[in-house]
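Take a look at the letters that make up each chain.
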Amino acid sequence: MAGGGQVVLRTLSQQGWVRGSGAAVLSRLQDAAVVRPGFLSAAEEETLSRELEPELRRRRYEYDHWDAAIHGFRETEKSRWSEASQAILRRVQAAAFGPGQTLLSSVHVLDLEPQGYIKPHVDSIKFCGSTIAGLSLLSPSVMRLVHTQEPGEWLELLLEPGSLYILRGSARYDFSHEILRDEESFFGERRIPRSRRISVICRSLPEGMGPGEPGQPPPAC
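This one's a predicted model, so the numbers in the text were calculated from it and none came from an experiment. Every residue gets a number counted from 1 within its own chain, in the order that chain's sequence is written. At least 70 in pLDDT is required for a residue's local features to be given in this predicted model, at least 80 for side-chain atom pairs to be given and counted, and no such filter applies to totals for whole chains, interfaces and linings, which use all residues. Side-chain figures throughout are based on the complete set of non-hydrogen atoms in the structure, without hydrogens or water.

Details of the overall build of the chain
The secondary structure content of the chain amounts to 4 helices and 12 strands. Looking at the chain residue by residue over its 221 residues, the buried ones come to 52%. In the chain, once contacts between residues fewer than 6 apart in sequence are set aside, the share between residues at least 24 apart is 77%. Throughout, the Shrake-Rupley method with a 1.4 Å probe supplies accessible areas, and for residues the shown protein chains are the sole cover considered. Per element, the accessible surface of the chain, about 10200 Å² overall, is 50% carbon and sulfur. Strands here are runs of E lasting at least two residues and helices are runs of H or I lasting at least four, both read from the DSSP assignment and numbered beginning at the N terminus. Relative accessibility under 20% of the residue-type maximum defines a buried residue, over 50% an exposed one, and the middle range a partly exposed one, all with a 1.4 Å probe and only protein chains included. Residue contacts are counted whenever heavy atoms from the two residues lie within 4.5 Å of one another.

A few points about the nonpolar core
Ranked by size, the top nonpolar core spans 26 residues in total, and within it Leu-29, Ala-33, Met-143, Leu-145, Leu-155, Leu-157 and Leu-167 carry the most contacts. Apart from the residues lying within four places of it in its own chain, the contact partners of Leu-29 are Leu-155, Ser-170, Ala-171 and Phe-175. We call a set of buried residues a nonpolar core when its members are Ala, Val, Leu, Ile, Met, Phe, Trp, Tyr or Cys and they connect through side-chain atoms within 4.5 Å of each other. Core analysis: the second largest hydrophobic core is formed by 23 residues, Val-34, Trp-81, Val-107 and Leu-164 among them.

What to know about the pattern of salt bridges
If the charged atoms of two oppositely charged side chains come close together, the side chains can form a pair. We define a salt bridge as a contact between a side-chain nitrogen of Lys or Arg and a carboxyl oxygen of Asp or Glu at a distance within 4 Å. Summed over all chains, the structure comprises 16 salt bridges. A salt bridge links Lys-78 to Glu-55, with the shortest nitrogen-to-oxygen separation between them at 3.9 Å. Taken as a pair, Lys-78 in strand β3 (residues 70-78) and Glu-55 in helix α2 (residues 42-57) lie far apart in primary sequence, 23 residues in all. With a relative accessible area of 11%, Lys-78 lands in the buried category. Look at Glu-55 and you get buried, because its relative accessible area is 18%.

Focus on the confidence of the model for the chain
In the predicted model, the chain carries a mean pLDDT of 87, and 85% of its residues have values of at least 70. Values of pLDDT, which run from 0 to 100, indicate the predictor's confidence residue by residue. Per-element confidence in the chain ranges from a low mean pLDDT of 92 for helix α4 (residues 170-173) to a high of 98 for helix α3 (residues 83-96). Here residues 1-13 is a poorly scored stretch, pLDDT under 50, and it has 27 contacts once near neighbours within four places are set aside; other chains count. pLDDT under 50 marks residues 214-219. Its contacts with residues more than four places away, or in other chains, come to 15 contacts.

Details of the packing of aromatic side chains
Pairing of aromatic side chains requires ring centres within 6.5 Å, counting the rings of Phe and Tyr and the six-membered ring of Trp. Pairs whose planes differ by under 30 degrees are stacked, by over 60 edge-to-face, and all others tilted. Within the structure shown, the criterion is met by 0 aromatic pairs. We count a charge as sitting over a ring when the NZ of a lysine or the CZ of an arginine lies within 6 Å of the ring centre and within 35 degrees of the ring normal. The ring of Phe-187 is capped by Arg-19, whose NZ or CZ atom sits 5.8 Å from the centre of that ring. It is Lys-78 that lies over the ring of Trp-81; its NZ or CZ is 5.0 Å from the centre.

Focus on the side chain of Arg-19
Looking at where Arg-19 falls in the secondary structure, it is placed in strand β1 (residues 18-20). According to the relative accessible area criterion, Arg-19 is buried, its value standing at 8%. A polar contact of 2.7 Å, which involves the side chain of Arg-19, links it to the side chain of Glu-156. N or O atoms closer than or at 3.5 Å make up a polar contact, with two conditions inside protein: a donor-capable atom paired with an acceptor-capable one, and, for residues adjacent in sequence, both atoms drawn from side chains.

Topic: the environment of Ala-96
Looking at the secondary structure, you find Ala-96 in helix α3. For the pair Ala-96 and Ser-204, spaced 108 residues apart in sequence, the C-alpha to C-alpha distance is 9.8 Å.

Topic: the side chain of Ser-170
Looking at the element boundaries, Ser-170 is found in helix α4. Looking at Ser-170, its side chain comes within polar contact range of the side chain of Asp-174, at 2.8 Å. Those residues within four positions of Ser-170 in sequence are excluded, and the remaining contacts are Arg-28, Leu-29 and Phe-175.

Looking at the packing of α2 against α3
Throughout, an axis means a line fitted to C-alpha atoms (over the contacting stretch in the case of helices), and angles, computed between N-to-C directions, take values from 0 to 180 degrees. Orientation of α2 relative to α3, taken along the N-to-C sense of each, is 120°, at an axis distance of 10 Å. The orientation of α2 with respect to α3, classified from their angle, is oblique. Considering how the two elements wind past one another, α2 and α3 form a crossing that is left-handed. Of α3, the residues touching α2 (which contributes Glu-44, Thr-47, Leu-48 and Glu-51) are Ala-84, Ser-85, Ile-88 and Arg-91. Note that Gly is not counted as nonpolar here; it falls among the polar residues with everything else outside the nonpolar set of Ala, Val, Leu, Ile, Met, Phe, Trp, Tyr, Cys and Pro and the charged set of Asp, Glu, Lys and Arg. Taken together, the residues that form the contact of α2 with α3 break down as 3 nonpolar, 2 polar and 3 charged. Small angles under 35 degrees read as roughly parallel and large ones over 145 as roughly antiparallel, with 65 to 115 read as roughly perpendicular and the rest as oblique. The hand of a helix crossing depends on one turn: near helix anticlockwise from the far one by less than a right angle means left-handed, and clockwise means right-handed.

Here is the structure:
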């Protein structure tokens, strides 16, 4: 049972990685909030981490985000990648985005320190389109989605290192999402210890925006 006496169910296709407040929300978000565990091999995860580390190391962790959504983070927008990393990102595009979707030219890289977290928020439609897809590196974490009008409707995603998560449609616009801080990091009764976490996030283009349009602040995805 979940908090408030709600029955916790799992979709058959994502058993063990997605849990929610009931059958209705699981059915509603079955294709809108997806986890693909083991999307990256250990070698691919190492490839991305090794490429990102020198750039991230030059930045300090921050504690005030422009929209107050993130605590204990450093981030960057990256558009140039090694050939090996480009191949990984092409796999993400094929897995998460439709043939008619154009992606933002830069990839959002977000580095959370062990005590860092992302507060509940809904991404602005001005800065990302209808789909985001994130690769999780280094540490497991739990992403929680809560309906903005019906807080009793919720979903939790277990994001292991090497996994890919996809949020689209209703999961993007009707639900807030957050990454739980370490002391709250549970998936059901299972403790999910948090350490440093890097996410590599691809985003579809907002409607009416060109792929290379500058000056757009990154969302806290």
